[in-house]
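# Observations on the model geometry
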Amino acid sequence: MTAKGNDVFCLPEQLAAGDQEYVVGSYYLELPSTADVLARAAGFAVGQSIGTWVEVPGVTAEMRDRHVGRVIGVLPCPPVDLATQQPDVSGYVVQVAVPTVNIGPSIPMLLTTILGNDSSTSVQAKLIDVQVPPRFAAAIGGPRFGVEGIRDLLGVPDRPLLLNMIKPCTGLTPEAGAEIFYQTALGAVDMIKDDELMGSPEFSPVPDRVKAYTAAAERARQVTGRDVVYIPNVTDRPDRMLEHATAAVDNGARALMVAFASVGYGAVQALAEVADVPILGHFAGVAPFYEGPASGMASPIAAGLLPRVAGADFVLMATPYGGYPLARLQYLRTAQQISLPRPGVKSAMPIVGGGVHPGVVATYIDDLGTDIVLGAGGAIQGHPDGPAAGADAMRQAIDAAMAGVPVTEAAGDHRELAAALRAFA
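Residues numbered from 1 in each chain as written. Predicted model: local features only at pLDDT ≥ 70, side-chain atom pairs only at ≥ 80, totals over all residues. Heavy atoms only, no water.

Going by an unreviewed UniProt entry, the protein chain carries the name RuBisCO large subunit C-terminal-like domain-containing protein and comes from Branchiibius cervicis.

## What to know about the pattern of salt bridges
In this structure the tally under the stated criterion is 16 salt bridges. Among the ionic pairs, Asp 7 bridges to Arg 64, the shortest N-O distance being 3.5 Å. Here Arg 64 lies in helix 3 (residues 61-67) and Asp 7 lies in the segment before helix 1 (12-16), a separation of 57 residues in the sequence. You can call Asp 7 partly exposed: its relative accessible area is 35%. Taking the relative accessible area as the measure of exposure, Arg 64 reaches 26% and is therefore partly exposed. One salt bridge connects Asp 129 with Arg 333, and the closest N-O pair in it is separated by 3.8 Å. Residue Asp 129 is found in strand 4 (residues 126-131), and its partner Arg 333 is found in helix 15 (residues 328-339); the two are separated by 204 residues along the sequence. (Salt bridge = Lys/Arg side-chain N within 4 Å of Asp/Glu carboxyl O. Helix = DSSP H or I, 4+ residues; strand = E, 2+ residues; numbered from the N terminus. Buried < 20%, exposed > 50% of the residue type's maximum accessible area, 1.4 Å probe, protein only.)

## Considerations on the packing of aromatic side chains
Following the criterion strictly, the structure yields eight aromatic pairs and no others. For the pair Phe 181 and Tyr 230, a centre-to-centre distance of 5.8 Å together with 85° between the ring planes defines the contact as edge-to-face. Linking Phe 181 in helix 8 (residues 174-185) with Tyr 230 in strand 7 (residues 229-231), this pair joins segments that are 49 residues apart in sequence. By the burial criterion, Phe 181 is buried, and Tyr 230 matches it. The ring of Tyr 182 has Arg 219 sitting right over it, with the charged end atom 3.9 Å from the ring centre. (Phe/Tyr/Trp six-rings, centres within 6.5 Å; stacked < 30°, edge-to-face > 60°. Lys NZ or Arg CZ within 6 Å of the ring centre and 35° of its normal.)

Right, here's the structure in full:
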């Protein structure tokens, strides 16, 4: 079946009235105004479902009705209606609905279907939105713990959470890293994780690191009374990732970190199904998925929707305020994709990172609310008075924001916060 006739086109209301579920992808593309955008859209819908660029045998009417993708919207941008107003190049938002029966509860097959295959479908477009039906999303999985599970693990019911990452990024033996962990855990930090560049190298295998860091956390707890959770990085090829995860949990890890773009969303889905601990999804490697203005997919999908649906309980995301600034709208939409209620899927918790220090804590809370994690690396490890003071300064800034007190005013009562503001603000 090729893209001929109106059977590829339908109104959204027609699909909603039927008994099938559909994933709806919205795409932005630009074409010469003389191009037949409807034909291009139809070719894409067919090519990503049952057809190809020529007629092939074996396509029945029943198959076409059950499996063909359908174009449910072609919207001009800007919304030009008169031929006399058309520019030489026109933009369009094209919406294509694909039956979930074609895909199954598989993120790899979801991406294969909705991202397209340019050599077959002849459309260069950027995926800007995805609507995932509740039963389909629930079948994929989503977070096993979510916001409530993370808060229960940490015993923190309301305020933003504080996360630090071990620095230097790599090169540390388990013993050397454990000492940094201990010195940091003496401050008011909730979680400490590996840097994304620390995997399971010969000089610091995951099991050895978990044993050493967990012992350091217990030493610090004996001093402070606070329980700091260590999150090891298990990023690797899928089979080794699952081995690292099992070894980490067997040796006392209560959460795991994985770079979701590096291992693939399907690998995160597999990890979430077997790991009985919360999963931190790290954004390392995701930027090329959304940096192209005319291809790939938008950041709220790549760094928000997909890691959450795959099973990440909290997701590190980019912001407008660091060295790699995300556009403000996409930053807010990414956080919404991570955290807003979604039928059948628990809410995850956004982690903001990259240049986080006490001076910007109130900004993040104003932007995103209190169900967030503040990922501070250099502002803790690089505090003039040491990492414990850096953690205390971040916590003092959090407490001030929660109380509605300006951070500069709170600094008058806290030397750690005052020193941090002098150093970083």
